[in-house]
Amino acid sequence: MPSLVILSLLCYGLYWVIHSHKSSISVASLSTEETLFVNKTAAIGATDDDFICATIDWWPPQKCDYGTCSWGSASLLNLDLDNAIFLNAIKAFSPLKIRLGGTLQDKVTYLTDGSQPPSTSFVKDGSQLFGFSQGYLPMPRWDQLNSFFNKTRAVIIFGLNALIGRNINSNGAATGAWNSTNAESLIRYTVDKGYTIHGWELGNELSGNGVGTKVSADQYAADTHTLHEILQKIYADYGSKPLVLAPGGFFDANWFTEFVHKTPLSLKVITHHVYNLGPGSAGDLVDKILDPDVLDGISQTFSSLQNLVETPNTSAVAWVGEAGGAYNSGHNLVTNAFVFSFWYLDQLGLAASYDTKTYCRQTLIGGNYGLLDTNTFQPNPDYYSALLWHRLMGNKALSTSFSGTKKIRAYAHCSKKTKGITVLLINLDSNTTVQVRVSTDSTGRPVSSESLQSSKDSDDVREEYHLTAQDGDLQSKVMLLNGKALSVDSSGDIPPLEPITVRLSDPTTVAPFSIVFVHIPNTTVPACA
């Protein structure tokens, strides 16, 4: 009897193993074919040509979060401007828009009188606002930075100290008018030196409830007008004047609405920040990044801001002035790893579709969310994602409709500097390969059918760029392009980003946990004419 029981158990165990194994094979090999419809008649959004932007912050090495100090020498005050990789990484964009600023910008004094900075610059002190003492920008360092920016052809936005002259009351609000004297001296010095600044931004995260402290919308509007008047005066002899940007804070509908209505002529760009994944210490960051509902959650902010700037009483446009996803410096091996490109590229696609003109990533270097590694300057995966977007996606965003799984995120733009369209496909699914056919025809015919009928080219093809993680590890810091690892060479040169060529008649294969850019040149798109 016992032997029969044992035999039965063995048979049941063998049955379970076989069927369990078959199930895992079946799941791993799931495949589906779907059609992506791209509306070719009109654009739904328009971006700047230099839509991609990144930030450089002020945080010193002593900036630590959750027991980790991730900033090293990435501050504007101590960043190594002679590093070859750093130079080449910026030059590869030609140009890269860079926003200089962050929390500590509202504690910076500009030493335009030639004085030496005190030895107490940005000393960690928990009793002071933002946890640090006052900081100082010596003009020799400003000269070095501008020489570097000129060499790299970067387009610069500088964030000014907006707290000078104010008092912080018992409720934590900063009251009183902005004292613009020190800022004006920096702007005059900059102009006298012949340095080109694309825009001057007033303050950082002082809007709405603020971070650390806050300024009322009415006062901020008055201060923005002051900055506008200063720029009009200093740049009076210049045909092209720099932009006035503000407030560089988190979107608060009531605050932003009042602010925009009270700056009808002075404000050129309204900037907001995005950290929609919560703190960098969160243990569920990867799950959030891979959740379509979480990704869609920020859409309301983009939509509300688009509606606000489209009102007739403002000529301002919307930018994302800073976006690191997870606040307090991000999370190592998440916000600097392959998996973060799912969030980052989806953010770029969403923002562009809501007519956002520029998107500034926190950071170019520094913290755990840099496009470049803080210590080695080596590009992290998101650097290559940003560079591919910059080179492939033109400034007109097109409407897309995908009827299949919610795990496929799809965006389309007119191609950059070439004819046709470029499609971005993001597969958040771990198991399913999706074969995607693209159609710009109301009948649903794939682009291959449309193009092949009218094409005069004997070689009717498209270009594809498939991005995956090394060894399938989403938390890897190595990205593969069409199966080849991306890395700089011994001279610090950025590698070429070369596509594979695919016949138009074949669908695009979007593997599990992969990202694909698809450039389709041979299709007629009236919106792109």
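Residues numbered from 1 in each chain as written. Predicted model: local features only at pLDDT ≥ 70, side-chain atom pairs only at ≥ 80, totals over all residues. Heavy atoms only, no water.

- As named in an unreviewed UniProt entry, the chain is Heparanase-like protein 3, taken from Pyrus ussuriensis x Pyrus communis.
- Its UniProt record, at the heading Sequence similarities (unreviewed entry), says of the chain: "Belongs to the glycosyl hydrolase 79 family."
- The record in UniProt for the chain states the following under Function (unreviewed entry): "Endoglycosidase which is a cell surface and extracellular matrix-degrading enzyme. Cleaves heparan sulfate proteoglycans (HSPGs) into heparan sulfate side chains and core proteoglycans." (UniProt positions renumbered as here; feature names shortened; annotations may be inferred.)

## Concerning the nonpolar core
Here is step 1 of the chain: In this structure, Phe86 and Trp142 are the most contacted members of the largest nonpolar core, which totals 130 residues.
Here is step 2 of the chain: The dominant element in this core, judged by the number of residues it contributes, is helix α10 (residues 340-353), at nine residues.
Here is step 3 of the chain: Excluding residues within four positions of it along the chain, tryptophan 142 makes contact with Leu100, Leu137, Phe158, Leu186, Tyr189, Thr190, Tyr195 and Ile197.
Here is step 4 of the chain: Counting residues in each nonpolar core, the second largest holds 22 residues, with Leu398, Val423, Leu425 and Ile520 among its members. (Core = buried A, V, L, I, M, F, W, Y, C linked by side-chain atoms within 4.5 Å. Buried < 20%, exposed > 50% of the residue type's maximum accessible area, 1.4 Å probe, protein only. Helix = DSSP H or I, 4+ residues; strand = E, 2+ residues; numbered from the N terminus. Contact = heavy atoms within 4.5 Å.)

## Quick word on the state of the cysteines
Here is step 1 of the chain: Counted by the stated rule, this structure contains three disulfides.
Here is step 2 of the chain: Through a disulfide, cysteine 53 is tied to cysteine 360; the S-S separation comes to 2.2 Å. Measuring handedness by torsion sign, the sulfur bridge of cysteine 53 and cysteine 360 sits at about 85° and is right-handed. Here cysteine 53, found in strand β2 (residues 52-56), pairs with cysteine 360, found in strand β13 (residues 358-361); they are 307 residues apart in sequence, far enough to count as distant.
Here is step 3 of the chain: Among the residues examined, cysteine 53 registers a relative accessible area of 0% and is labelled buried.
Here is step 4 of the chain: The buried category is assigned to cysteine 360, whose relative accessible area is 1%. (Disulfide = S-S within 2.5 Å.)

## Structural notes on the pairing of strand β18 (residues 461-469)
Here is step 1 of the chain: Burial within β18 is extensive, with seven of its nine residues counted as buried.
Here is step 2 of the chain: Across four bridges, β18 lies against strand β21 (residues 500-503) in antiparallel orientation. Pairing of glutamate 464 across the sheet is with isoleucine 500, part of β21.
Here is step 3 of the chain: Bridging between β18 and strand β23 (residues 515-520) involves five bridges; their strand directions are antiparallel. Opposite leucine 467, over in β23, you have isoleucine 515 as the bridge partner.
Here is step 4 of the chain: Sheet topology places β18 next to strand β19 (residues 479-481); three bridges connect them, and they run antiparallel. (Pairing = 2+ DSSP bridges.)

## Regarding the confidence of the model for the chain
Here is step 1 of the chain: When pLDDT is averaged along the chain, the result is 93, and 92% of the positions lie at 70 or above.
Here is step 2 of the chain: When the criterion is pLDDT under 50, residues 1-28 qualifies, and its contacts beyond four places in sequence or with other chains add up to two contacts. (pLDDT = per-residue confidence, 0-100.)

## Structural notes on the sheet that holds β13
Strand pairing within a sheet occurs via backbone hydrogen bonds; the two strands may be parallel or antiparallel.
Here is step 1 of the chain: In spatial order, the strands read β2-β3-β6-β9-β10-β11-β12-β13; together these eight strands close into a barrel with parallel pairing. Looking at each pair of strands side by side, their axes are set apart by 25° on average, direction ignored.
Here is step 2 of the chain: Across four bridges, strand β10 (residues 243-249) lies against strand β11 (residues 269-274) in parallel orientation. Note that in β11 the partner of proline 247 across the bridge is threonine 271.
Here is step 3 of the chain: The strands touched by α10 are β2, β11, β12 (317-323) and β13; relative to β13, the strand with the most contacts, the crossing angle is about 155°. (Axes fitted to C-alpha atoms, helices over the stretch in contact; angles between N-to-C directions.)

## Considerations on the side chain of glutamine 105
Here is step 1 of the chain: Mapped onto the elements of the fold, glutamine 105 is located in the loop between β3 (97-100) and β4 (108-111).
Here is step 2 of the chain: Leave out the neighbours within four places in its chain, and glutamine 105 touches Trp58, Arg99, Leu100, Gly159, Leu160, Asn161, Glu201, Gly203 and Asn204.

## Description of unusual backbone geometry
Here is step 1 of the chain: Cis geometry marks the peptide bond from serine 94 to proline 95; its omega dihedral reads 10°.
Here is step 2 of the chain: By the secondary structure assignment, proline 95 is in the loop between α2 (84-91) and β3.
Here is step 3 of the chain: In the segment running from alanine 246 into proline 247, the intervening peptide bond is cis, with an omega of 0°.
Here is step 4 of the chain: Assignment of secondary structure puts proline 247 in strand β10.
Here is step 5 of the chain: Positive phi values are uncommon outside glycine, yet asparagine 328 reaches one of about 65°.
Here is step 6 of the chain: In this structure, asparagine 328 sits in the loop between β12 and α10.
Here is step 7 of the chain: Unusually for a residue other than glycine, asparagine 482 sits at a positive phi of about 50°.
Here is step 8 of the chain: In this structure, asparagine 482 sits in the loop between β19 and β20 (484-485).

## Observations regarding helix α9 (residues 299-309)
For an α-helix, 3.6 residues make a turn, and residues three or four places apart therefore share a direction.
Here is step 1 of the chain: Burial runs high along α9: eight of the 11 residues are buried.
Here is step 2 of the chain: Every buried residue of α9 is accounted for by Ser299, Thr301, Phe302, Ser303, Leu305, Gln306, Leu308 and Val309.
Here is step 3 of the chain: In this structure, the buried residues of α9 make contact with β1 (31-46), α6 (253-261), β11, α8 (292-296), β12 and α10.

## Digging into the domain arrangement of the chain
Here is step 1 of the chain: According to the domain assignment, the chain contains domain 1 (30-44 + 400-451 + 458-528) and domain 2 (48-395).
Here is step 2 of the chain: Centre-to-centre, using C-alpha coordinates, domain 1 lies 31 Å away from domain 2.
Here is step 3 of the chain: Across the contact surface, domain 1 and domain 2 share four salt bridges.
Here is step 4 of the chain: Two residues, aspartate 373 and lysine 477, come together in a salt bridge whose shortest N-O distance is 2.8 Å.
Here is step 5 of the chain: At the junction of domain 1 and domain 2, the tally comes to 17 residue pairs in polar contact (both at pLDDT 80 or more).
Here is step 6 of the chain: Residue assignment for the side of domain 1 that touches domain 2 shows that the elements contributing at least two residues are β15 (408-415), β16 (421-427), β18 and β23.
Here is step 7 of the chain: In terms of residue class, the side of domain 1 that touches domain 2 is made up of 20 nonpolar, 11 polar and six charged. (Domains from an automatic or database assignment. Salt bridge = Lys/Arg side-chain N within 4 Å of Asp/Glu carboxyl O. Polar contact = N/O pair within 3.5 Å; in protein donor to acceptor, adjacent residues only side chain to side chain. Nonpolar A, V, L, I, M, F, W, Y, C, P; charged D, E, K, R; others polar.)

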